[in-house]
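# Structure at a glance
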Amino acid sequence: RNLPLQIGIPVKTGFKAEGDWMVELPPQEAGTICDIQIVGGEEELSLSQVIFGDVWVCSGQSNMVFTMNGIFNSSEEIAAAAAYPDIRFTIINRVTSDVEEDDVGTKIPWSDPANGNRNLNSFSSVCFFYAMNVYDQLGVPMGLIDSAWGGTRVEAWSSQDALDACEIEDNVMPNNPQNSNSYLWNSMIHPLRKMTVKGFLWYQGEANANWNMDKYSCTFPTLISSWRDQFSMMSNTSPDAPFGFVMLSTIKYGTAGTTYPRLRLHQTADYGFVPNPDMPYTFMATAVDTYDEENGIHPRYKKIVGERLAYAGLGVAYDLDSFPINGPIAEVTQDDTSYFLEYDQDI
C-alpha cells in the first residue's frame, strides 16, 4: 500500500544527537501491510512487509524467557503457531550498561511463525500464547518484543528515580552485572522508549524472594508507573498503557513457608487483586496451580498462563466486558467458632 510522503522531523540537535529523527505516520487500519523507505542523503533503508497492529513489550526473568521449545507438547504447539503470520516477534540482546543507552541490538530479528520459522523455538512462550489468544478474539496483528533475562531482580529493570522513590540502596555487582541496580533498565528498556507500544507483559519476582522482598510492594508498582511515564513522554504510548503480569507459581508443593505467599501479595501492592488504586490499568494471570514437580521453579504449563493473561488483558487493555478482569474476591468475617467467606460474584 502506498502512503503519503512523510518528512522526517529532527528530535534534537547537537553532535551527540546527530542522526536522531522521527516520523509519525497517520493512523492505519489494523492489518495494513506496506513497505517503508527511509532516504537521507546517500543513505537508504528499506523495511519490507511492515504490518500495522499492537506492540507489546514482554519482560522479566526466566519464566518470561521460557521458550516455546521448552513447554509441554512443544512440537505440536510450534506447528500450530504457523497459522498466525500476523504475529511478529523479536528478541532483544541480553546486555547490561551502567548508563542509559539509546540503542540496542536484537538477538533474533523481527520474524513470524509461518513456514516453520525456527526463531519461534527460542521465543517467550507466555508472550506468544498471550498474543495468539488476543488475536483469536480481535484479529489485530501483534508485535512482540522479548526483553527479558533469567534470574534478574526488579531493581535491575528499574530506573534510578524509581529506586529512589522506594529507598532502595545502591547495588552494583561486577560479577553479576545483570542484577546491578538499573543496569537492565539502562540497556534493554530505555532504548525502546521511542517506540509506541500498546502495553507491557511481565513475569518476574522469584529473584526477589530473598532480596528486598518486603519492598516489592513498592518497587513493582513504581516500575510500572515509571515505564508508563518514560514511554509516554518519548512516544505516543498511552500514559495509562495496560500492564499485565503473572502471579508467581508454586515452587515447592506442600511447603509451609510464607515467602512466596507474601511475595504474591506484594505483586498486587498488598491488595490481593488488580486493578487497584495503586496499580490502575493492570491485569494478572494466576499460576499457583501450574506446579511442575520435575521442572520446579520453571513450570512447563505456559500455554494456560498465556491464555489466562490474554483473557484478563482483553478485559483491561481492550475493554471487552465479556472477559472478567479477575475472579471471585472473598470478604472474610468470623465468629467465635467459624470463618465466613462471602464472594463478590458466583464461584
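Above this text is the structure in question.
Scoring rules and cut-offs
- Residues numbered from 1 in each chain as written.
- Predicted model: local features only at pLDDT ≥ 70, side-chain atom pairs only at ≥ 80, totals over all residues.
- Heavy atoms only, no water.
- Buried < 20%, exposed > 50% of the residue type's maximum accessible area, 1.4 Å probe, protein only.
- Helix = DSSP H or I, 4+ residues; strand = E, 2+ residues; numbered from the N terminus.
- Pairing = 2+ DSSP bridges.
- Disulfide = S-S within 2.5 Å.
- Patch = residues over 30% accessible without salt bridge, like charges linked within 9 Å, V, L, I, M, F, W, Y side chains within 5 Å.
- Areas by Shrake-Rupley, 256 points an atom, 1.4 Å probe, with all protein chains shown as cover.
- Salt bridge = Lys/Arg side-chain N within 4 Å of Asp/Glu carboxyl O.
- Lys, Arg positive; Asp, Glu negative; His and termini not counted.
- Charge placed at Lys NZ, Arg CZ, Asp CG, Glu CD.
- Phe/Tyr/Trp six-rings, centres within 6.5 Å; stacked < 30°, edge-to-face > 60°.
- Lys NZ or Arg CZ within 6 Å of the ring centre and 35° of its normal.
- Axes fitted to C-alpha atoms, helices over the stretch in contact; angles between N-to-C directions.
- Parallel < 35°, antiparallel > 145°, perpendicular 65-115°, else oblique.
- Left-handed = near helix turned anticlockwise from the far one by under 90°.
- Contact = heavy atoms within 4.5 Å.
- Nonpolar A, V, L, I, M, F, W, Y, C, P; charged D, E, K, R; others polar.
- Core = buried A, V, L, I, M, F, W, Y, C linked by side-chain atoms within 4.5 Å.

## Side note on the pairing of strand 8 (residues 142-148)
Successive side chains on a regular strand alternate, one facing one side of the sheet and the next facing the other. Counting buried positions along strand 8 yields seven of seven residues, so the element is predominantly enclosed. Here strand 8 shows two buried faces, one formed by Met142, Leu144, Asp146 and Ala148 and the other by Gly143, Ile145 and Ser147. Bridge analysis of strand 5 (residues 54-60) against strand 8 gives seven bridges, and the strand direction is parallel. Among the inter-strand pairings, Asp54 is bridged to a residue of strand 8, identified as Met142. In this structure, strand 6 (residues 87-92) lies alongside strand 8, joined through five bridges in parallel fashion. Note that in strand 8 the partner of Ile91 across the bridge is Asp146.

## As for the state of the cysteines
This structure, assessed with the given rule, holds two disulfides. Across a sulfur-sulfur distance of 2.0 Å, Cys166 and Cys218 are joined as a disulfide pair. Around the S-S axis, the bridge from Cys166 to Cys218 shows a dihedral of about -90° and counts as left-handed. Separated by 52 residues along the polypeptide, Cys166 in the loop between helix 4 (160-165) and helix 5 (183-189) and Cys218 in helix 6 (residues 216-234) bring together distant segments of the chain.

## A few points about a negative patch on the surface
Taken together, the side chains of Asp98, Glu100, Glu101, Asp102, Asp103, Asp161, Asp164, Glu169 and Asp170 define an acidic patch exposed on the protein surface. Structurally, Asp98 can be placed in the loop between strand 6 and strand 7 (106-111).

## Looking at the packing of aromatic side chains
For the structure on display, the rule yields 20 aromatic pairs. Among the aromatic residues, ring-to-ring pairing joins Trp157, Phe200, Trp202, Tyr216, Phe220, Trp227, Phe231, Phe243 and Phe245 into one connected group. The aromatic ring of Trp211 is capped on one face by Arg153, whose charged end is 3.8 Å from the ring centroid. Here Lys302 stacks its cationic end above the ring of Phe66, 4.4 Å away from the centre of that ring.

## Remarks on the pairing of strand 6
Within strand 6, six of the six residues are buried, leaving the element largely enclosed by the surrounding structure. Neither face of strand 6 is exposed, since Ile87, Phe89 and Ile91 on one face and Arg88, Thr90 and Ile92 on the opposite face are all buried. For strand 6 and strand 7, the ladder comprises three bridges, and the chain directions are antiparallel. Bridge pairing in strand 7 places Ile91 opposite Ile108.

## Description of the sheet that holds strand 8
An order of 7-6-8-5-9-10-11 is seen for the seven strands of this open sheet, with the pairing classed as mixed. With partners counted over all chains shown, the strands left at the sheet margins are strand 7 and strand 11 (282-285), one partner each. The mean angle between the axes of side-by-side strands here comes to 20°, regardless of whether they run parallel or antiparallel.

## Some details on the packing of helix 3 (residues 125-138) against helix 8 (residues 302-316)
Following both chains from N to C, one finds helix 3 and helix 8 inclined at 50°, their axes separated by 7 Å at the closest point. As far as their axial angle goes, helix 8 and helix 3 are oblique. Judged by the twist between their axes, the crossing of helix 3 over helix 8 is right-handed. When helix 3 is examined against helix 8, the residues Ser125, Val126, Phe129, Tyr130, Asn133, Val134, Gln137 and Leu138 are found in contact with a partner set consisting of Lys302, Lys303, Val305, Gly306, Glu307, Leu309, Ala310, Tyr311, Gly313 and Leu314. Here the contact of helix 3 with helix 8 is built from residues that sort into 10 nonpolar, five polar and three charged.

## Quick notes on the environment of Phe129
Residue placement: Phe129 occurs in helix 3. Residue Phe129 is classed as buried on the basis of its relative accessible area, which comes to 1%. For the pair Phe129 and Arg308, spaced 179 residues apart in sequence, the C-alpha to C-alpha distance is 9.5 Å. For Phe129, the contacting residues outside a window of four places in its chain are Met68, Ile71, Glu77, Lys302, Lys303 and Gly306.

## Describing the packing of helix 6 against helix 7 (residues 259-267)
Running from amino to carboxyl end, helix 6 crosses helix 7 at an angle of 35°, the nearest separation of the two axes being 8 Å. Our pair here, helix 6 against helix 7, has a crossing hand that is right-handed. Facing helix 6, whose interface residues are Tyr216, Ser217 and Phe220, helix 7 presents Leu263, His266 and Gln267. Considering only residue class, the contact of helix 6 with helix 7 consists of three nonpolar, three polar and no charged.

## A closer look at the nonpolar core
By size, the foremost hydrophobic cluster in this structure holds 79 residues, and its most contacted members are Phe128, Leu144 and Trp202. Looking at this core element by element, the count peaks at eight residues for helix 3.

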